Number of protein chains: 2
Amino acid sequence: MKNQYQDTIIALATPAGSGAIGVIRLSGNDAIAKVNGFFQSRYRPKDLTRVKSHTIHLGYIKDGDKILDEVLVSIFKNPHSYTGEDVVEISVHGSPYIQQQVLQLFLKNGVRHAQPGEFTLRAFLNAKMDLLQAEAVADLIASNSETSHQLALQQMRGGFSSEIKKLRDELIHFASLIELELDFAEEDVEFADRSQFKDLIQRIKTTLKHLVDSFAVGNVLKEGVPVAIVGEPNVGKSTLLNALLNEERAIVSSIAGTTRDVIEDELIWDGIRFRFIDTAGIREATDEIEKIGIKKTYEKIKEAKVVIFLIDACALSQTASCHQPEHDEVLKQFEKELRDIAQKYPSKKILIVVNKVDQIDRKDYQIDTRTYPLIEISAKHKTGLESLKSELTSLVNKGLLDQNEVVVSNARHYKALNEALQSILQVEQGLQSNLSTDLLTIDIRAALHSLGEITGEITTDDLLDNIFRNFCIGK
Amino acid sequence: MKNQYQDTIIALATPAGSGAIGVIRLSGNDAIAKVNGFFQSRYRPKDLTRVKSHTIHLGYIKDGDKILDEVLVSIFKNPHSYTGEDVVEISVHGSPYIQQQVLQLFLKNGVRHAQPGEFTLRAFLNAKMDLLQAEAVADLIASNSETSHQLALQQMRGGFSSEIKKLRDELIHFASLIELELDFAEEDVEFADRSQFKDLIQRIKTTLKHLVDSFAVGNVLKEGVPVAIVGEPNVGKSTLLNALLNEERAIVSSIAGTTRDVIEDELIWDGIRFRFIDTAGIREATDEIEKIGIKKTYEKIKEAKVVIFLIDACALSQTASCHQPEHDEVLKQFEKELRDIAQKYPSKKILIVVNKVDQIDRKDYQIDTRTYPLIEISAKHKTGLESLKSELTSLVNKGLLDQNEVVVSNARHYKALNEALQSILQVEQGLQSNLSTDLLTIDIRAALHSLGEITGEITTDDLLDNIFRNFCIGK
């Protein structure tokens, strides 16, 4: 596998566009010699192939007599580099034109343009990081909230790899003993202590279950906590959402470079990403079309981790000055919806938000406020929004997050962990039912395979392609 | 002036956005100590304030216990850095979120966000480069063609600064001698040898004139060579322009990152930028509105360095199968326009382009083809375009460019050089007319001032503000 990665690759490592500087990165056996061939030191002549690792050199990149740019060249010597190979970073002036000129110079002279993720792929192939850590690099670059950032950093620094690796090594030990038994099948010996083996299988099962379960949390933290807002059309849903979004947007846009393409209904509070899902109400269906709408609402609520029930203060308060006769129907409907959702989805976090509190004079709410948190706001006047935010973040922190917990946030890991768990459950069952050793080894091998795939001890070209093609070029 | 720049500044030096890496740059007395306070080495503990200059260090940037990112830190020690101060470059993972986290950490801890161009301003104030070189840095980043790139590089490496500086120093020498004469005015002595002084004034005048004249060329190279296309509405002007643009656009877009906002009528060939200017024709005016149109056409032609006269082959060829009676009028008009322009603007390069050559069977052109280059094309069938391009580039190369020549391409320099030249002419005149010494010194001082402004030996805050506020932040 390693042989194909002996050539020297190059790519722009910084974002495309104009800036003060741009960094062009080379990696491979010839990286330093290639750069040295086009480098001229600013002061006394210098041979880059003879300088120390982790040193920086000022000079010119020249194409023949023509100076392309004045640059800083950073030298990283094998194995003390990102890829584990010789690496050179050329810091050029941040003009796209110059960057292209320098790139083209090397491309014309036997250096290949890197594939997406190829630098990190090489780091993996040269055992500078395991597959989990390599994947974390991509997650880290894509991270856009406190939690996704911390998840990626945790994973990059080892995460659950070491635990999986340790358990897998123990399993390999038993597997080899059991396979040995097969060679002595006629003599009916047991090299592998069955009770110790059962104990190991238990430990692996517990760990895997724990990690598999953590995916629900990890995925939410990475992708955002889905929050469904349920309420009558005129209760102020969009006013609320706009009030929240506008406030946040002002904050976001004051920090240059933090906004990506604006996604209308996503917000980050206290480092937690929330995704707001707008829903129609859940009124009694009177016709077919309405039934479809209600079905969709239920589907959206099913996705959500948190459901906000938004109600008009006037509808909730019988004696309020703004209370209208039709509000009785609204309240009835509201209570029905609350009951329905609570019954249908007992695990959802529910939050009651009372809008237009500025219009009532007495808080004589016709609803039991002990079951669910109740927040009073005026979306129009932007009051109570802070309470809503802190209630939402505390719901998530209490229910989902444990800062010291290792969580799985990558769908590939989840799949492999699940497969490993299934195989381990098979092994467990096999041990309980005294399955023949040769059948047992099939399940053990399957478990070893799945575990190995997680950390990259077992890889296929397809697997690597899949992982690295989603990287940006230059990483 | 220097005192206000003792604090430590920070900015993102790479373009905003996601990439493999981003570089955050700090400069100032505290730069290394500040970074050291939040840095933890990946391997053995390390004190960044004690490491050598031009070395790179792997570790973490930590906010308390929380790791913000795994980074590479490059140390540049005063005065061996871009700014001449202590400089640290932190290479972080290329997520806008992480970049903001790291920036915010330092901003919260006594580091100030850099103003646009402040790093380069400090480099200038610390005498790492003169003002011409500092300005060249911005030009270099904005360079988008071979010629603008080479102009900026030439200027960054010294350009005409050294010549101006040398002449100015000689002028200062004479100025001080002449001012000394004023102190001994009653004794009527001459410390400054008048013939040597006249000789110096001649040399300064020649140099300044040469540089002032080069601006026409420098500006053209930087901003693009303006090419006016004159021709009948149906002669195929827009077909030609589209044929040229489309072809070029395909080339441009195959090199990632080289295109800026597409400007419809700009093309780069052989590293030379061309700006195409569309014009109406120059027919006999019959009414007021037409007169205005013709006036505008003349104005546009005045801007142009090259004028392309585009004519239909059928109009040019009396015996061609496609020749129509009305073509006689077209040809008459064409010849009149050609004469008019050649007379009115004798310095313009003129090119005759015959379109629709595929429609004629014999090249019996009714025009003297010896005076101007004549190119045959078919814009529709895209033939002859290469000849047109090479004729255009060779016209420019012959007429405008001399690769070894120093040219002025910056409007500020042009203005200052012009002012210096005017003062020097005054001095020359004063010397010829035996102007009194005290009046002579006024003009000498004015010349010294203008010359000093070019290289930055004389600066005002306004001047510096003007120059550096157009820089990007981080440079």
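Just above, that's the structure.
First, a word on what this report is: a plain description of the structure on this page. None of these values were measured; they are calculated from a predicted model.

### Quick look at the overall build of chain A
Alright, step 1. For chain A, the count of helices and strands is 15 helices and 13 strands.
Alright, step 2. Counting only residues that meet the buried cut, chain A has 53% of its 475 residues in that class.
Alright, step 3. Excluding contacts between residues fewer than 6 apart, the proportion of contacts in chain A whose partners are at least 24 apart in sequence is 67%.

### Quick word on unusual backbone geometry
Residue and element names in this part refer to chain A.
Alright, step 1. Across the junction of asparagine 78 and proline 79, the peptide omega takes the value 0 degrees, indicating a cis bond.
Alright, step 2. Positionally, proline 79 belongs in the loop between β5 (66-76) and β6 (87-93).
Alright, step 3. In this structure, lysine 382 takes a positive phi of about 55 degrees despite not being glycine.
Alright, step 4. One can find lysine 382 in the loop between β13 (374-376) and α12 (385-399).
Alright, step 5. With a phi angle near 50 degrees, asparagine 434 is a residue other than glycine that sits in the positive phi range.
Alright, step 6. As for its placement among the helices and strands, asparagine 434 is situated in the loop between α13 (411-432) and α14 (437-455).
Alright, step 7. With a relative accessible area of 68%, asparagine 434 lands in the exposed category.

### Re helix α5 (residues 146-156) of chain A
All names here are of chain A.
Alright, step 1. Counting buried residues along α5, nine of its eleven residues qualify, which places the element largely inside the surrounding structure.
Alright, step 2. The set of residues buried in α5 consists of Glu146, Thr147, Ser148, His149, Leu151, Ala152, Leu153, Gln155 and Met156.
Alright, step 3. Note on α5: the residue one or two positions beyond its end, glycine 158, has a positive phi of about 135 degrees.

### Here's the deal with the environment of Phe215(B)
Residues and elements named next belong to chain B.
Alright, step 1. Positionally, phenylalanine 215 belongs in helix α7 (residues 194-223).
Alright, step 2. Linking phenylalanine 215 and valine 407, residues 192 residues apart in sequence, is a C-alpha distance of 6.3 Å.
Alright, step 3. In this structure, phenylalanine 215 is in contact with Val220, Val408, Ser409, Asn410, Ala411 and Tyr414, ignoring residues within four places of it in sequence.

### Comments concerning the packing of aromatic side chains
Alright, step 1. Summed over the entire model, instances satisfying the criterion amount to eight aromatic pairs over all chains.
Alright, step 2. With centroids separated by 4.1 Å and ring planes inclined at 15 degrees, the aromatic side chains of Phe215(A) and Tyr414(A) adopt a geometry described as stacked. With a gap of 199 residues between them, Phe215(A) in helix α7 (residues 194-223) and Tyr414(A) in helix α13 connect regions that are remote in the sequence.
Alright, step 3. A cation over an aromatic ring shows up here: Arg25(B) above the ring of Phe119(B), its NZ or CZ 5.5 Å from the ring centre.
Alright, step 4. Stacked on the ring of Tyr82(B), the Lys or Arg Lys475(B) has its end atom at 4.6 Å from the ring centre.

### So, the side chain of Ser41(A)
All names here are of chain A.
Alright, step 1. Position of serine 41 among the secondary structure elements: in strand β3 (residues 39-41).
Alright, step 2. Here the side chain of serine 41 touches tyrosine 43 through a polar contact of 3.4 Å, landing on its backbone nitrogen.
Alright, step 3. Separated by 2.9 Å, the side chain of serine 41 and the backbone oxygen of arginine 44 make a polar contact.
Alright, step 4. In this structure serine 41 touches Lys46, Leu58 and Gly59, once residues within four positions along its chain are discounted.

### What to know about the relation of the copies chain A and chain B
Alright, step 1. The two copies are related by a screw motion: chain A maps onto chain B through a turn of 179 degrees and a shift of 0.2 Å along the axis, at an RMSD of 0.4 Å. Here the symmetry operator amounts to a two-fold rotation axis. Across chain A, the smallest distance between a C-alpha and the rotation axis is recorded for Thr55(A), namely 2.2 Å.
Alright, step 2. In this assembly, 100% of the residues forming the interface of chain A have copies in chain B that are likewise at the interface, indicating an isologous arrangement.

### Looking at the interface of chain A and chain B
Alright, step 1. Contact residues are listed per partner, giving 53 residues for chain A and 53 residues for chain B.
Alright, step 2. Taking both sides of the interface into account, the surface hidden between chain A and chain B amounts to around 4,300 Å²; carbon and sulfur atoms contribute 63%.
Alright, step 3. In terms of surface lost to chain B, no three residues of chain A exceed Pro15(A), Ile56(A) and Tyr97(A), which account for 15% of the buried area on that side.
Alright, step 4. The tally of links between chain A and chain B comes to zero salt bridges.
Alright, step 5. Across the chain A-chain B interface, the total number found is ten residue pairs in polar contact (both at pLDDT 80 or more).
Alright, step 6. A total of eight residues in the side of chain A that touches chain B trace back to one element, the largest contributor, which is β5(A).

### Brief notes about the packing of helix α6 (residues 161-183) of chain B against α7(B)
Residues and elements named next belong to chain B.
Alright, step 1. Axis separation between α6 and α7 bottoms out at 11 Å; the angle between their running directions is 145 degrees. Crossing handedness for the pair α6 and α7: left-handed. Taken together, the residues of α7 that come into contact with α6 (itself represented by Glu163, Ile164, Lys166, Leu167, Glu170, Leu171, Phe174, Ile178 and Glu181) are Arg194, Gln196, Phe197, Leu200, Ile201, Arg203, Ile204, Thr207, Leu208 and Leu211.

### As for α14(A)
All names here are of chain A.
Alright, step 1. The terminal C-alpha atoms of α14 lie 27 Å apart, and with 19 residues this matches the ideal 27 Å at 1.5 Å per residue to within 8%.
Alright, step 2. Buried residues of α14: Leu440, Thr441, Asp443, Ile444, Ala447, Leu448, Ser450, Leu451, Gly452, Glu453, Ile454 and Thr455, and no others.
Alright, step 3. The inward-facing, buried residues of α14 abut α3 (118-125), α4 (131-142), α6 (161-183), α7, α13 and α15 (461-468).
Alright, step 4. Positioned one or two residues after α14, glycine 456 has a phi angle of 90 degrees, which is positive.

### What about the state of the cysteines?
All names here are of chain A.
Alright, step 1. Inspection of the entire model under this criterion finds two disulfides over all chains.
Alright, step 2. Disulfide partner of cysteine 314: cysteine 322, at an S-S distance of 1.6 Å. Its torsion about the S-S bond being -105 degrees, the disulfide of cysteine 314 and cysteine 322 is classed as left-handed. Cysteine 322 shares its class with cysteine 314; the two are buried.

### Quick look at the pairing of strand β4 (residues 55-63) of chain B
A regular strand places its side chains on the two faces of the sheet in alternate fashion.
Residues and elements named next belong to chain B.
Alright, step 1. For strand β3 (residues 39-41) and β4, the ladder comprises three bridges, and the chain directions are antiparallel. Note on β4: the bridge partner recorded for glutamine 40 is tyrosine 60.
Alright, step 2. As judged from the nine bridges shared by β4 and strand β5 (residues 66-76), these two strands associate in the antiparallel manner. Across the sheet, residue aspartate 63 finds its bridge partner in β5, namely lysine 66.
Alright, step 3. Remark: two residues form the turn of the hairpin made by β4 and β5, two consecutive strands paired antiparallel; glycine 64 in that turn has positive phi of roughly 65 degrees.

### Let's talk about the pattern of salt bridges
Alright, step 1. Under the counting rule described, the total for this entry stands at 42 salt bridges over all chains.
Alright, step 2. The salt bridge involving Lys205(A) is made with Glu428(A); its shortest N-O contact spans 2.9 Å. On the criterion of sequence distance, the pair formed by Lys205(A) in helix α7 and Glu428(A) in helix α13 is long-range, its members being 223 residues apart.
Alright, step 3. With a relative accessible area of 15%, Lys205(A) lands in the buried category.
Alright, step 4. A relative accessible area of 13% means that Glu428(A) is categorised as buried.
Alright, step 5. Among the salt bridges present, the one from Glu181(B) reaches Arg194(B), with a minimum N-O distance of 2.9 Å.

Reading the values: rules and limits
- Residues numbered from 1 in each chain as written.
- Chains lettered and ligands numbered in written order.
- Predicted model: local features only at pLDDT ≥ 70, side-chain atom pairs only at ≥ 80, totals over all residues.
- Heavy atoms only, no water.
- Helix = DSSP H or I, 4+ residues; strand = E, 2+ residues; numbered from the N terminus.
- Buried < 20%, exposed > 50% of the residue type's maximum accessible area, 1.4 Å probe, protein only.
- Contact = heavy atoms within 4.5 Å.
- Phe/Tyr/Trp six-rings, centres within 6.5 Å; stacked < 30°, edge-to-face > 60°.
- Lys NZ or Arg CZ within 6 Å of the ring centre and 35° of its normal.
- Polar contact = N/O pair within 3.5 Å; in protein donor to acceptor, adjacent residues only side chain to side chain.
- Least-squares fit on C-alpha atoms with pLDDT ≥ 70 in both.
- Buried area = accessible area lost by both parts, 1.4 Å probe.
- Salt bridge = Lys/Arg side-chain N within 4 Å of Asp/Glu carboxyl O.
- Axes fitted to C-alpha atoms, helices over the stretch in contact; angles between N-to-C directions.
- Left-handed = near helix turned anticlockwise from the far one by under 90°.
- Expected span 1.5 Å × (residues − 1).
- Disulfide = S-S within 2.5 Å.
- Pairing = 2+ DSSP bridges.

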